[in-house]
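This is what each chain is made of:
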Amino acid sequence: AQKVTQAQTEISVVEKEDVTLDCVYETRDTTYYLFWYKQPPSGELVFLIRRNSFDEQNEISGRYSWNFQKSTSSFNFTITASQVVDSAVYFCALLYSSASKIIFGSGTRLSIRP
Amino acid sequence: DGGITQSPKYLFRKEGQNVTLSCEQNLNHDAMYWYRQDPGQGLRLIYYSQIVNDFQKGDIAEGYSVSREKKESFPLTVTSAQKNPTAFYLCASRSTQSGVYNEQFFGPGTRLTVL
C-alpha cells in the first residue's frame, strides 16, 4: 500500500513554543518524493519543501526544520518558536516513482495561541 | 508572473444547475488536477490529466466532468448529478518531466455554494 499518515488531527500550542508535526509514509518504491504544504485560512495550499528518497539530510529554513528518516518511514516537520502566523493546516504528501498523482495525508490543523 | 488561476473565487448556483469552474496555468506543466475539500477535511481527488485530450477519474469523480483541450486549461463541470456540490475546489498542476521539480502547485481555489 502507498499511503501517508498524519496521526495528529489538531495541535494547539502557545506562541513561542516549539511544535512537531508527524508524518509517516508507506511505499514499495525505492525512489519517491515527500512534500509538506501549508494551507492558511485563505485556502490556497503553499508548497514548503520537497525531499527525495536518496537525500536523508535534514533541512532547516529559518524557524522551520524537517527530519527525514527512512528507517522509520517518517518525515517530520518542526516549527521552532511558533508564531500566530503559523496557524494553518499542514499536509504531508508522497509521490512514488511509478505514480501519476501525489498522495496527501489527512492534514494536521495547527493553532498557535497568543 | 507564472502561476495557476482559478475563477471565480466565490460561486453561487441554484440546485439542479450545472456549473463550470475555471483553471488556467502558465507554468507549462503537463499534469493538472482537481481536488475537493469539505470543511475541516483533507483533499479528495476528483479528476486528473497527464496530457492534453486525456484524463482519468480520481477517487470521487461521480457527478463531475472535465476536459483538457489545451495544455493550459483544465475546466471542471459540477453537474446536477453531484448530490452535495457545496465545497471548496482546488486546482493544481505539476511538471512530469524527469529532472524537473515535481511538486504540485495549487491555485487559490473556488468556493462553490449551491442554494
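Here's a quick rundown of the structure.

1. Regarding the pattern of salt bridges
Line of reasoning, step 1. Applying the stated rule across the entire model yields 7 salt bridges over all chains.
Line of reasoning, step 2. D55(A) serves as the salt-bridge partner of R51(A), at 3.5 Å between the closest nitrogen and oxygen.
Line of reasoning, step 3. Between R44(B) and D38(B) there is a salt bridge, and its shortest N-O distance comes to 2.7 Å.

2. Notes on a nonpolar patch on the surface
Line of reasoning, step 1. Taken together, the side chains of Y10(B), F12(B) and L115(B) present a nonpolar region at the surface, about 380 Å² in accessible area.
Line of reasoning, step 2. Mapped onto the elements of the fold, L115(B) is located in the segment after β11 (110-114).

3. Some remarks on the side chain of S49(B)
Residues and elements named next belong to chain B.
Line of reasoning, step 1. The topology assignment puts S49 in strand β5 (residues 43-51).
Line of reasoning, step 2. We classify S49 as buried; its relative accessible area is 0%.
Line of reasoning, step 3. A polar contact is formed between the side chain of S49 and the backbone oxygen of I51, at a distance of 3.0 Å.
Line of reasoning, step 4. A distance of 2.6 Å separates a polar side-chain atom of S49 from the backbone oxygen of D54.
Line of reasoning, step 5. Every residue in contact with S49, bar those within four places of it in the chain, is listed here: D30, A31, M32, D54, F55, Q56, R68 and F74.

Scoring rules and cut-offs
Residues numbered from 1 in each chain as written. Chains lettered and ligands numbered in written order. Predicted model: local features only at pLDDT ≥ 70, side-chain atom pairs only at ≥ 80, totals over all residues. Heavy atoms only, no water. Salt bridge = Lys/Arg side-chain N within 4 Å of Asp/Glu carboxyl O. Patch = residues over 30% accessible without salt bridge, like charges linked within 9 Å, V, L, I, M, F, W, Y side chains within 5 Å. Areas by Shrake-Rupley, 256 points an atom, 1.4 Å probe, with all protein chains shown as cover. Helix = DSSP H or I, 4+ residues; strand = E, 2+ residues; numbered from the N terminus. Buried < 20%, exposed > 50% of the residue type's maximum accessible area, 1.4 Å probe, protein only. Polar contact = N/O pair within 3.5 Å; in protein donor to acceptor, adjacent residues only side chain to side chain. Contact = heavy atoms within 4.5 Å.

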